Amino acid sequence: MWAIISDLHANLEALEGAIKDIKAQGLSTKDIVCLGDLVGYGPNPAECVDIARDFFICLKGNHDEAVVNEALGFNPLAREAVDWHRSQLKPYWLSSKGKKIRWDFLKSLPATRTEQNCMFVHGSPRDPTMEYILRTDCEDLLGEVPVKIKEIFSKFDALCFVGHTHDPGVIGENSRFMTPRDLNGEFEIVPGKKFIINVGSVGQPRDGDNRACYVLFDGKTVKFRRIEYDPGSTRQKILGIPELDPRIGDRLLYGR
Ligand code: ZN
């Protein structure tokens, strides 16, 4: 069984809460597949990257890429956070070995990985780090499958796990977006059919539920897990860092 997580966004309290729940399922950090965005937004980038070095698989998200390269196409709020994270993470010649190892790890993250019949990406199989598959992309006035969804489904064989939108759910080839609530928290894979599974976000959920979100997958059933943690303490840390916009902390309270 795997625990598939995404979009930690330097939120240590949420990550620790998720890992505690993962361990309670009898799994370890070596069973974790992480779909990227370790950093961006939150107050603890270094700590989250260090924890992620232990995972089975860890991919690169757009915020990870922005920290090691350049923040292209980011809004000012996200860009300020990326710049602060870079200043925290980027080593200089006098920096400790640990800091250099952490930076090298972040720089070397792969964009995609396929294991058995599962493709893993941060955003979409067409554009692994950048493209969003939004629930509105699934809608069509005439009830047809939108071209974007058709094309994305043609890019993988069976299952594709994504993050990036912070909006968990399952999309079938009929382009229906099913939320964890629609599914009662569980979805059984239909052999021979393709599905996109959005695992949601650990560190900054945006579906109106402020609990950390991730999924468990045993090859047959996707289980959405929601984990309560204290977003107020993460928010307090954010408020104490002048380079981070207070709104980044506020949104954690509401899951928006
Ligand atoms: Zn993200």
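Before reading on, note that the structure itself is shown above.
Throughout what follows, the structure given in this document is the object of discussion. (Residues numbered from 1 in each chain as written. Predicted model: local features only at pLDDT ≥ 70, side-chain atom pairs only at ≥ 80, totals over all residues. Heavy atoms only, no water.)

A short note on the sheet that holds strand β2 (residues 32-34)
Working step 1: Strands sit in the order β3-β2-β1-β11-β12-β9 across an open sheet of six strands; the sheet is mixed. The open sheet has two edge strands, β3 (57-58) and β9 (186-188), and neither has a second partner. (Pairing = 2+ DSSP bridges. Helix = DSSP H or I, 4+ residues; strand = E, 2+ residues; numbered from the N terminus.)

Brief notes about the coordination of the zinc ion
Working step 1: The zinc ion binds to the protein through Asp7 (OD), His9 (NE2), Asp37 (OD) and His166 (NE2); the donor distances cover 1.9 to 2.5 Å.
Working step 2: Each of the four donor atoms bound to the zinc ion contributes to angles spanning 86 to 175°, and the resulting shape is irregular.
Working step 3: Mapped onto the sequence, the residues coordinating the zinc ion show the spacing D-x1-H-x27-D-x128-H. Of this pair, Asp7 sits in the loop between β1 (2-5) and α1 (12-24) while His166 sits in the loop between β6 (159-162) and β7 (169-172), and the two are 159 residues apart along the sequence. (Donors = N, O, S within 2.8 Å, 3.2 Å for Na, K, Ca; no water. Tetrahedral: all angles 85-135°; square planar, octahedral: opposite > 155°, others 65-115°.)

Regarding the side chain of Asp137
Working step 1: One can find Asp137 in the loop between β5 (118-121) and α6 (147-153).
Working step 2: Here Lys148 takes part through its side chain, which lies 2.7 Å from a polar atom of the side chain of Asp137.
Working step 3: When neighbours within four sequence positions are excluded, Asp137 is seen to be in contact with Tyr132, Pro146, Lys148 and Ile149. (Polar contact = N/O pair within 3.5 Å; in protein donor to acceptor, adjacent residues only side chain to side chain. Contact = heavy atoms within 4.5 Å.)

Side note on the packing of aromatic side chains
Working step 1: All chains considered together, the criterion is met by six aromatic pairs.
Working step 2: Their ring planes at 55° and their centres at 5.4 Å tell us that Phe161 and Phe217 sit as a pair that is tilted. With Phe161 in strand β6 and Phe217 in strand β11 (residues 212-217), this residue pair connects regions lying 56 residues apart in the sequence. As far as the burial class goes, Phe161 and Phe217 line up, both buried.
Working step 3: Taking 4.8 Å as the distance between ring centres and 70° as the angle between the ring planes, the aromatic pair formed by Phe187 and Phe195 counts as edge-to-face. The same class applies to Phe187 and to Phe195, which are both buried.
Working step 4: One aromatic cluster is present, formed by Trp2, Phe56, Phe120, Phe161 and Phe217 through successive ring pairs.
Working step 5: Across from the ring centre of Phe56, 5.5 Å away, lies the NZ or CZ of Arg113, which sits over that ring.
Working step 6: The residue whose ring lies beneath Lys194 is Phe156, and the NZ or CZ to ring-centre distance is 5.5 Å. (Phe/Tyr/Trp six-rings, centres within 6.5 Å; stacked < 30°, edge-to-face > 60°. Buried < 20%, exposed > 50% of the residue type's maximum accessible area, 1.4 Å probe, protein only. Lys NZ or Arg CZ within 6 Å of the ring centre and 35° of its normal.)

Description of empty space enclosed by the protein
Working step 1: In this structure the tally under the stated criterion is one cavity of 30 Å³ or more.
Working step 2: Along its surface, the largest cavity is lined by His9, Asn11, Tyr41, Gly42, Pro43, Gly203, Gln204, Thr234, Ile238, Ile248 and Leu252.
Working step 3: Looking at the lining of the largest cavity, the elements that each hand over two or more residues are α7 (231-239) and α8 (246-254).
Working step 4: Looking at side-chain class alone, the lining of the largest cavity contains five nonpolar, six polar and no charged residues. (1 Å grid on protein atoms, 1.4 Å probe; cavity = no way out; pocket = protein on both sides within 12 Å on 5 of 7 lines; lining within 4 Å. Points joined across faces, edges and corners; volume = space filled by probe spheres on them. Nonpolar A, V, L, I, M, F, W, Y, C, P; charged D, E, K, R; others polar.)

Describing the sheet that holds strand β10 (residues 195-198)
Working step 1: The six strands are arranged β4-β5-β6-β10-β7-β8 in an open sheet whose pairing can be described as mixed. Since the sheet does not close on itself, it has two edges, and those belong to β4 (112-115) and β8 (177-178), each with one partner.
Working step 2: When β4 meets β5, the two strands line up antiparallel, connected through four bridges. Bridging across to β5, Thr112 finds its partner in Val121.

Focus on a nonpolar patch on the surface
Working step 1: Residues Tyr92, Trp93 and Leu94 make up a contiguous nonpolar surface patch of about 500 Å² in total accessible area.
Working step 2: Following the sequence through the fold, Leu94 ends up in the loop between α4 (76-89) and α5 (97-107).
Working step 3: Judged by relative accessible area, Leu94 falls into the exposed class, the value being 69%. (Patch = residues over 30% accessible without salt bridge, like charges linked within 9 Å, V, L, I, M, F, W, Y side chains within 5 Å. Areas by Shrake-Rupley, 256 points an atom, 1.4 Å probe, with all protein chains shown as cover. Salt bridge = Lys/Arg side-chain N within 4 Å of Asp/Glu carboxyl O.)

Side note on α4
Working step 1: In a regular helix each residue adds 1.5 Å, so 14 residues correspond to 20 Å; α4 covers 20 Å between its end C-alpha atoms and thus fits that length.
Working step 2: Within the sequence span of α4, burial applies to Leu77, Ala78, Ala81, Val82, Trp84, His85, Arg86 and Leu89.
Working step 3: For α4, the side-chain oxygen to backbone nitrogen distance between the N-cap and Leu77 is 3.1 Å, and the N-cap itself is Asn75. (Expected span 1.5 Å × (residues − 1).)

A short note on the pairing of β6
Each regular strand shows side chains that alternate between the opposite faces of the sheet.
Working step 1: The alternating pattern of β6 places Leu159 and Phe161 and Cys160 and Val162 on opposite faces, both of which are buried.
Working step 2: Where β5 meets β6, three bridges bridge the pair, whose relative direction is parallel. Looking across to β6, one finds that Cys118 is bridged to Leu159.
Working step 3: Pairing of β6 with β10, which is carried by four bridges, proceeds in the parallel orientation. In the strand pairing of β10, Cys160 is matched with Ile196.

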